[in-house]
Amino acid sequence: MHLFKHAADLKSALSAMKAARASVGFVPTMGALHEGHLSLVRRSKSENAVTVCSIYVNPAQFNDPNDLEKYPRPIERDIELLASVSCDVLFLPPTEEVYPNGLSHLKHYDLGHLEHFLEGASRPGHFNGVANVVDRLLHLVEPDRLYLGQKDFQQVKVVEHVISGSDFQVSGAKPAIVMCPIVREADGLAMSSRNIRLTATQRKNAAGISRELFFIHDHWKEYSASELKRQAIHRINTIPEAQVDYLEFCDAGEFTLITDWKEARQIVCVTSVIVGAVRLLDNILLN
Ligand code: AMP
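Rules and cut-offs
- Residues numbered from 1 in each chain as written.
- Predicted model: local features only at pLDDT ≥ 70, side-chain atom pairs only at ≥ 80, totals over all residues.
- Heavy atoms only, no water.
- Domains from an automatic or database assignment.
- Contact = heavy atoms within 4.5 Å.
- Buried area = accessible area lost by both parts, 1.4 Å probe.
- Salt bridge = Lys/Arg side-chain N within 4 Å of Asp/Glu carboxyl O.
- Axes fitted to C-alpha atoms, helices over the stretch in contact; angles between N-to-C directions.
- Helix = DSSP H or I, 4+ residues; strand = E, 2+ residues; numbered from the N terminus.
- Parallel < 35°, antiparallel > 145°, perpendicular 65-115°, else oblique.
- Nonpolar A, V, L, I, M, F, W, Y, C, P; charged D, E, K, R; others polar.

Points about the domain arrangement of the protein
For the protein, the assigned domains read domain 1 (2-180) and domain 2 (193-285). Using only C-alpha atoms to locate each centre, domain 1 and domain 2 end up separated by 26 Å. Contacts between the two partners involve 22 residues from domain 1 and, on the opposite side, 22 residues from domain 2. Between domain 1 and domain 2, roughly 1,800 Å² of surface is buried when both sides are summed, and carbon and sulfur atoms account for 55% of that area. By the criterion of area lost to domain 2, the three top residues of domain 1 are Leu 118, Glu 119 and Phe 153, representing 29% of everything that side buries. In this structure, the connection of domain 1 to domain 2 is made through three salt bridges. Between Arg 194 and Asp 67 there is a salt bridge whose closest N-O contact spans 2.9 Å.

Thoughts on the packing of helix α1 (residues 7-19) against helix α7 (residues 126-141)
With their axes 9 Å apart at the nearest point, α1 and α7 run at an angle of 50° to one another. Of the possible angle classes, the one that applies to α1 and α7 is oblique. Along its contact with α1, which presents Ala 7, Leu 10, Lys 11, Leu 14 and Lys 18, the element α7 presents His 139, Leu 140 and Val 141. A class-by-class count of the residues in the contact of α1 with α7 yields five nonpolar, one polar and two charged.

Below, the structure written as structure tokens:
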């Protein structure tokens with residue numbers, strides 16, 4: 001595996017591969033890698049000649065300085081994990097490479113309703129920070145395909161919005177977004193770099209979130225949307241130390257709220273739950 005810290009080195013290495021028309025798949029991450037991230041790398045490997053993974057803990061998307069400071073950074077282990085799945089290139093840039101004009105000169109993106117909706121309402125500025133880093137990384141890597149996890153469903157919608165609203169192209173086409181399924185622990189908890197910040201008891205109890213989503217997946221047709229939402233929030237809030245931030249049913253395409261099942265062709269149930277001091281995200285497609 002090649003490791004680059006500087007954008008110029010990454011670009012010159014990739015330009016030789018691109019000249020040979022090798023397709024490039026890109027997996028952006030913030031590190032502290034787990035099976036969820038590795039599933040994206042494997043998928044990219046299976047669909048591209050070259051797979052680039054980036055590890056960059058993006059300060060611009062943290063609205064809570066404490067969360068940024070506590071974000072795990074086990075880089076040696078991450079490198080071993082990426083090598084174990086035969087990732088071709090690791091891009092590990094310092095902040096000067098990602099934000100040459102500094103973090104105080106971020107671009108402002110028009111993200112439409114996504115900016116202040118659900119996750120955006122709870123984390124002001126978060127998605128503008130995501131848009132900045134993804135836009136910059138896309139210009140550095142110039143991938144044919146971009147691999148993102150369903151785990152961060154709204155983030156996928158934000159990146160779709162950024163790509164569709166920009167004239168950025170690679171070999172005459174916009175990069176394709178490949179949304180990969182959520183990888184879960186054996187008890188159902190969605191894998192997340194933040195899970196290690198849970199105490200043993202919180203970790204065990206947190207599986208109740210996915211249990212509720214699986215129940216919703218299996219029984220949604222038996223309830224109205226408002227009744228199912230009320231019951232689900234109530235049940236999750238009975239998990240010790242758990243507090244639902246939001247639990248909503250959305251049109252999976254437009255990512256707008258629905259109050260009646262008939263309003264959407266495909267429905268996604270999205271939730272954010274604070275367990276102890278850790279915000280956990282999960283979602284499930286109902287149909
Ligand atoms: P992060 O390092 O948290 O920024 O995540 C990097 C990428 O991995 C994002 O596209 C996430 O949606 C994806 N990802 C994180 N957790 C999972 C998971 N449990 N299953 C699938 N993809 C995931």
